[in-house]
Amino acid sequence: MSSFDVFLSEIRKAARLPDRSAPAVTGAGVLPSAYAVTDLAAASFAAAGEAIATLIAARHDTDPAVSVDRRLASFWYKSSLRPDGWDLPAQWDAVAGDYATKDGWIRLHTNAPHHRKAALATLGVQDTSKTERADVAKAVATWNAAELENAVVSAGGCAGELRSSAAWAAHPQGKAVAQEPLLHHETFSGPSPANWEVNRARPLDGIRVLDLTRVLAGPTATRFLAGYGADVLRIDPPLDLWDEALAEEMSLGKHSAILDLRKDTDRQRLKELIAEADVMVHGYRGDALEGLGLGASVRRSFNPGLVDVALCAYGWTGPWAGRRGFDSIVQMSSGIAETGMRHYGKDKPTPLPVQALDYATGFIVATAAVSGLAERVRSGDGSHFRTSLARIAALLESQKQNTDAPEFAPETEADLAPDIEETHWGPARRLASAVTIAGVPASWDIPAGPIGTAEPVWPLR
């Protein structure tokens, strides 16, 4: 089997998708990597498209054909937005990145203000607008990597030591993740089969999706759902608690509201939103929702038909369950960046050419969500799925890439969708969809805009 076939088979099985004929695959070339990143991109897009087809079949008996463009899928794994006459802001905080320690390397993730504060405080570096990378590098060089990782994490920050794949496999968390399914899945008796019409051309029209996620995996999932008609309501904390990045990329198709879950009234509003949702996608760590009185059993009690999909960084079992993490950090921990370093003969960590763990997790989460909706149509049952970036890393680790494969040809005008998107920041174009579902075009009704511009209420069905 090709790497594409392996990935697609694993995702289908995990998401409870039925067997079907293989999708048509187009697009020659690969992203340069030691791993089969392009095959993962294509397979994750294909699986999400197949889930949409399965939902249509649940209501209409016959499902549309699905095809995927490997090249476009790989481009979507980088960025979908092409500004016209304006520039995207920097994606990384000035001090985020890889640093040499006394005995190896570590990556500091400082995009979130509180993560930056924790890292710099641990290092004894003053946190100002004039903080220099050279000052951070000098401080990091006095630490052993493992000790600094533990210190930053203990302070509430986010960091990852460079480990080899073998070291990760022997690590207690690596062992725990290896035993977890790609998607944990449970079903719950729902009130009755859903009576949704399931419009063939807009199959998620009227479906309410509550988005409690941040960059990058969860928003990728809900952006995909919005592209097929879902009413996505994204809930963020107050802006003084979280400085959202990539809104230009990830707010497409969504309403965005602010709730302060430290307040009783806002927690009650969230409960009401959950009770009226069809899908909930959330990326809160560990027992955070339990601590807010919104644990899984509570959510199920007032919405038994809910399709509940959760994601995290390092897995749901083991000593690091609930640890803070992002794609770039998990690549360091799991051996991916070290494998890239050896593969290319570099003297520093060499990550994937794209944030493939985030994007693959996002499309797999979208696949699970739509599969759960199909089950609601068939039986009325609600469902719970969960996965992690670390588990997706394990999936990718299983498939190395043929180093003789040619790289993709450069992007052209033909790779872009024809419509102009009038974003909040200026006009832009989006890439054409990488997955084609016959008779079911992807389109977004709401252009990208800033966080917190809507009220925390569902639109009328």
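Procedures and definitions
- Residues numbered from 1 in each chain as written.
- Predicted model: local features only at pLDDT ≥ 70, side-chain atom pairs only at ≥ 80, totals over all residues.
- Heavy atoms only, no water.
- Core = buried A, V, L, I, M, F, W, Y, C linked by side-chain atoms within 4.5 Å.
- Buried < 20%, exposed > 50% of the residue type's maximum accessible area, 1.4 Å probe, protein only.
- Contact = heavy atoms within 4.5 Å.
- Phe/Tyr/Trp six-rings, centres within 6.5 Å; stacked < 30°, edge-to-face > 60°.
- Helix = DSSP H or I, 4+ residues; strand = E, 2+ residues; numbered from the N terminus.
- Lys NZ or Arg CZ within 6 Å of the ring centre and 35° of its normal.
- Pairing = 2+ DSSP bridges.
- Axes fitted to C-alpha atoms, helices over the stretch in contact; angles between N-to-C directions.
- Parallel < 35°, antiparallel > 145°, perpendicular 65-115°, else oblique.
- Left-handed = near helix turned anticlockwise from the far one by under 90°.
- 1 Å grid on protein atoms, 1.4 Å probe; cavity = no way out; pocket = protein on both sides within 12 Å on 5 of 7 lines; lining within 4 Å.
- Points joined across faces, edges and corners; volume = space filled by probe spheres on them.
- Nonpolar A, V, L, I, M, F, W, Y, C, P; charged D, E, K, R; others polar.
- Polar contact = N/O pair within 3.5 Å; in protein donor to acceptor, adjacent residues only side chain to side chain.

Right, let's talk about the nonpolar core for a bit. Counting residues in hydrophobic clusters, the biggest one holds 96 residues, and the most contacted among them are Ile52, Tyr77, Leu204, Phe224 and Leu225. When sequence neighbours within four positions are dropped, the list of residues in contact with Leu204 reads Ile52, Leu55, Leu225, Tyr228, Gly229, Ala230, Val370 and Leu373. Residues Leu233, Leu261, Leu270 and Leu306 belong to the second largest nonpolar core, which totals 16 residues.

The next thing to look at is the packing of aromatic side chains. On inspection of all chains with the given rule, the structure shows 12 aromatic pairs. Ring geometry for Trp168 and Trp320: centres 5.9 Å apart, planes at 45 degrees, overall tilted. In this pair, Trp168 sits in helix H7 (residues 165–170) while Trp320 sits in the loop between strand E12 (307–312) and helix H14 (327–334), placing the two residues 152 residues apart along the sequence. For Trp320, a relative accessible area of 8% corresponds to the buried category. Residues Tyr314 and Trp320 carry aromatic rings whose centres are separated by 5.1 Å and whose planes lie at 80 degrees to one another, so their mutual orientation is edge-to-face. Comparing Tyr314 with Trp320, the two get one shared label, buried. Taken together, the aromatic side chains of Phe45, Trp76, Tyr77, Phe224, Tyr228, Tyr359, Phe363 and Trp444 make up a single cluster linked through ring pairs. A cation sits over an aromatic face here: Arg107 above Trp92, 4.9 Å from the ring centre.

On strand E11 (residues 279–282), burial covers both faces: Val279 and Val281 on one face and Met280 and His282 on the other are all buried. Pairing of E11 with E12, which is carried by 4 bridges, proceeds in the parallel orientation. By the bridge assignment for E12, Val281 is matched with Val309.

Turning our attention to the packing of helix H1 (residues 3–15) against helix H2 (residues 37–60). The contact between H1 and H2 brings their axes to 8 Å, and the two run at 40 degrees. Comparing the axis directions of H1 and H2 gives the class oblique. Between H1 and H2 lies a crossing of right-handed hand. Touching Ser3, Phe4, Phe7, Leu8, Ile11 and Arg12 of H1 are Asp39, Leu40, Ala42, Ala43, Ser44, Ala46, Ala47 and Glu50, all from H2.

The calculated volume of the second largest pocket comes to roughly 750 Å³. In this structure, the second largest pocket is lined by 37 residues; those nearest its centre are Gln91, Trp92, Asn111, Leu246 and Gln355. Elements that contribute at least two residues to the lining of the second largest pocket include exactly helix H4 (113–123), helix H10 (247–250) and H14. Tallying contributions element by element places H14 first for the lining of the second largest pocket, with 4 residues. When grouped by side-chain class, the residues that make up the lining of the second largest pocket number 20 nonpolar, 7 polar and 10 charged.

This next bit is on empty space enclosed by the protein. Evaluation of the coordinates by the stated rule reveals 2 cavities of 30 Å³ or more. Roughly 70 Å³ of internal volume is contained in the second largest cavity. Of the residues contributing to the lining of the second largest cavity, the split by class is 7 nonpolar, 1 polar and 1 charged.

The subject of this paragraph is the sheet that holds strand E3 (residues 81–83). With antiparallel pairing, 3 strands are arranged side by side in an open sheet as E3-E15-E14. Looking at the sheet topology across the chains shown, the edges are occupied by E3 and strand E14 (421–423). The mean inter-strand angle of the sheet, taken between neighbouring strand axes irrespective of direction, is 40 degrees.

Next up on the list: the sheet that holds strand E1 (residues 24–26). An order of E1-E2-E16 is seen for the 3 strands of this open sheet, with the pairing classed as mixed. Edge positions in the sheet fall to E1 and strand E16 (435–437), since each of these pairs with one other strand and no more. Taking the axes of each pair of neighbouring strands and ignoring which way they run, one obtains an average angle of 20 degrees across the sheet. As paired strands, strand E2 (residues 66–69) and E16 are joined by 3 bridges and run antiparallel to one another. The residue bridging Ser67 from the neighbouring strand is Thr436, located in E16. Across the sheet, H2 is in contact with E2 and E16; its angle to E2 comes to roughly 155 degrees.

Positionally, Leu373 belongs in helix H16 (residues 356–378). We classify Leu373 as buried; its relative accessible area is 2%. What Leu373 contacts, discounting residues up to four positions off in sequence, is Leu55, Trp196, Leu204, Ile207, Asp278, Val279 and Val307.

Turning next to the side chain of Arg391. Mapping Arg391 onto the fold places it in helix H17 (residues 389–397). Reaching out from Arg391, the side chain makes a polar contact with the backbone oxygen of Glu180 at a distance of 2.8 Å. Those residues in contact with Arg391, other than ones at most four positions away along the chain, are Val177, Glu180, Pro181 and Leu182.

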